[in-house]
Amino acid sequence: MFEEVHHRPCGRPTKSGSPCRAQFSGPGFACKLHTTDHEKALVEAYEQGLQAGRAQEREWRQRAETAQVEHLEHQIRTLREELDAKNRRFEVDGHQAVTVDGYGYRWNGPGTLEVGDRVLLPENYVSALRHGPGPFPGTVTELGTTYTGTLSTIISRTAATPRQTG
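Here we summarise the structure given alongside this text. (Residues numbered from 1 in each chain as written. Predicted model: local features only at pLDDT ≥ 70, side-chain atom pairs only at ≥ 80, totals over all residues. Heavy atoms only, no water.)

**Observations regarding the layout of surface pockets**
Space inside the largest pocket adds up to approximately 430 Å³. In this structure, the largest pocket is lined by 20 residues; those nearest its centre are Y103, Y105, N124, V126 and F136. Contributing elements (two or more residues each) for the lining of the largest pocket: β5 (103-107), α2 (125-131) and β7 (136-143). Per-element accounting of the lining of the largest pocket gives the leading share, five residues, to α2. Looking at side-chain class alone, the lining of the largest pocket contains 11 nonpolar, six polar and three charged residues. (1 Å grid on protein atoms, 1.4 Å probe; cavity = no way out; pocket = protein on both sides within 12 Å on 5 of 7 lines; lining within 4 Å. Points joined across faces, edges and corners; volume = space filled by probe spheres on them. Helix = DSSP H or I, 4+ residues; strand = E, 2+ residues; numbered from the N terminus. Nonpolar A, V, L, I, M, F, W, Y, C, P; charged D, E, K, R; others polar.)

**Digging into the environment of L120**
Within the secondary structure layout, L120 lies in strand β6 (residues 118-121). In this structure L120 comes out as partly exposed when scored by relative accessible area, which is 24%. Linking L120 and T139, residues 19 residues apart in sequence, is a C-alpha distance of 8.7 Å. Not counting residues up to four positions away in its chain, the partners in contact with L120 are P135, F136, P137, I154, I155, S156 and T158. (Buried < 20%, exposed > 50% of the residue type's maximum accessible area, 1.4 Å probe, protein only. Contact = heavy atoms within 4.5 Å.)

Such coordinate-based values are descriptive only and should not be taken to indicate function.
This is the structure in structure tokens:
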């Protein structure tokens, strides 16, 4: 009745009494000429149920995939935090190590730096392209660093620049 069979004969009796030879496909009982109103309603209800079921399946699949992605992202964050904790250095050669705008530096000036402190950094080949020649400003974004290479030394603290209102 509701099987997805393609091109099957109707088989219902015609006016002459012989079986109808009209071919039809998809769910249904007979060709369009010989299908009753009740059978049409059944086929329509079947198709609506099928569409609703497929829509529900898509929604459930999407929810399951979203939950899986969130779980994996959480695992990645946890593993990164564990790796960071194992590799983070807070002191290098007796000097404070900090991260400034994503890059590791060391501080050998007076006192200790805190997150949010503004500092003056030495020129490097990237800063010369981005900021022009000479020292450039930065902000301490993290205490310690996970960078394992040689760290440049921060030149000095700078005063926080007041925000302009406009």
